[in-house]
Amino acid sequence: TSGTSGCAKHNFVQKLEMSGIIYAHYNYDSLIEDMAKGNGEHLQIFAKTFGCKDKVYNQFRETARRNFSQVVIDAEKKPEVLYQKLKQSMQESYA
């Protein structure tokens, strides 16, 4: 199993991923704004779809902000790609 530091890394990840992709689909523009700022309500909720606990939210938001340009460019406005690219960034940052 692979996960992110302090975030979900077990079998229930698939359910969380689906909820994250759906959340990103319906909140894409607001989520992108929060990612650019490195904070915000939409980003906090998105972090929970990764299974992140409150104590690692700062790491999550910093990774989202730091990797914003690359993640968003690669995502090409596709919520499922956005989710996967941010997940990959988390895994690389905290491996």
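Rules of the game
- Residues numbered from 1 in each chain as written.
- Predicted model: local features only at pLDDT ≥ 70, side-chain atom pairs only at ≥ 80, totals over all residues.
- Heavy atoms only, no water.
- Phe/Tyr/Trp six-rings, centres within 6.5 Å; stacked < 30°, edge-to-face > 60°.
- Helix = DSSP H or I, 4+ residues; strand = E, 2+ residues; numbered from the N terminus.
- Buried < 20%, exposed > 50% of the residue type's maximum accessible area, 1.4 Å probe, protein only.
- Contact = heavy atoms within 4.5 Å.
- Core = buried A, V, L, I, M, F, W, Y, C linked by side-chain atoms within 4.5 Å.
- pLDDT = per-residue confidence, 0-100.
- Arc of directions from axis to C-beta.

Participant: Mind showing me how you'd approach the packing of aromatic side chains here?
Facilitator: In this description, a pair of aromatic rings is defined by centroid distance and the angle of the planes. Summed over the entire model, instances satisfying the criterion amount to 5 aromatic pairs. Seen in terms of ring centroids, Tyr23 and Phe46 are 6.4 Å apart; in terms of plane orientation they differ by 25°. Their pairing is stacked. Here Phe46 lies in helix H2 (residues 41-49) and Tyr23 lies in helix H1 (residues 13-37), a separation of 23 residues in the sequence. Its relative accessible area of 14% is what places Tyr23 among the buried residues. Judged by relative accessible area, which is 0%, Phe46 ranks as buried. Ring geometry for Phe46 versus Phe50: centroids 5.3 Å apart, planes at 85°, classification edge-to-face. Take Phe46 and Phe50: they sit in the same class, and that class is buried. Counting every residue linked through ring pairs, the aromatic cluster contains Tyr23, Phe46, Phe50, Phe60 and Tyr83.

Participant: Whenever I open this one, the side chain of Ser89 confuses me. Can you help?
Facilitator: Topologically, Ser89 is positioned in helix H5 (residues 79-93). For Ser89, a relative accessible area of 10% puts it in the buried group. In this view, Ser89 contacts Thr63, Asn67 and Val71; residues no more than four positions away in its chain are not counted.

Participant: Just checking my understanding: could you explain the nonpolar core for this structure?
Facilitator: One recurring pattern in soluble globular proteins: nonpolar side chains tend to sit buried together. By size, the foremost hydrophobic cluster in this structure holds 24 residues, and its most contacted members are Met35, Phe46, Phe60, Leu82 and Leu86. Every element with two or more residues in this core is listed here: H1, H2, helix H3 (57-66), helix H4 (68-75) and H5.

Participant: What exactly am I supposed to notice about the confidence of the model for the chain here?
Facilitator: Detail in the predicted coordinates should be disregarded across regions flagged by low pLDDT. Residues of the chain with pLDDT of at least 70 account for 85%, and the chain-wide mean is 87. H2 holds the highest mean pLDDT among the elements of the chain, 95, whereas H1 holds the lowest, 91.

Participant: Mind showing me how you'd approach H2 here?
Facilitator: Because an α-helix packs 3.6 residues into every turn, residues spaced three or four apart end up facing the same way. Regarding H2, the residues found buried are Leu43, Phe46, Ala47 and Thr49. Along the axis of H2, the buried positions cluster into a sector of 150°, meaning they face one direction only.

Participant: Teacher, can you tell me more about unusual backbone geometry here?
Facilitator: Leave glycine aside and you will find that most residues have negative phi; peptide bonds, for their part, are mostly trans. The backbone phi angle of Glu76 is positive, close to 50°, even though this residue is not glycine. Its location among the elements puts Glu76 in the loop between H4 and H5. Glu76 sits in the exposed class, given a relative accessible area of 54%. The phi dihedral of Lys77 is positive, around 65°, even though this residue is not glycine. Take Lys77: it is sitting in the loop between H4 and H5. Taking the relative accessible area as the measure of exposure, Lys77 reaches 61% and is therefore exposed.

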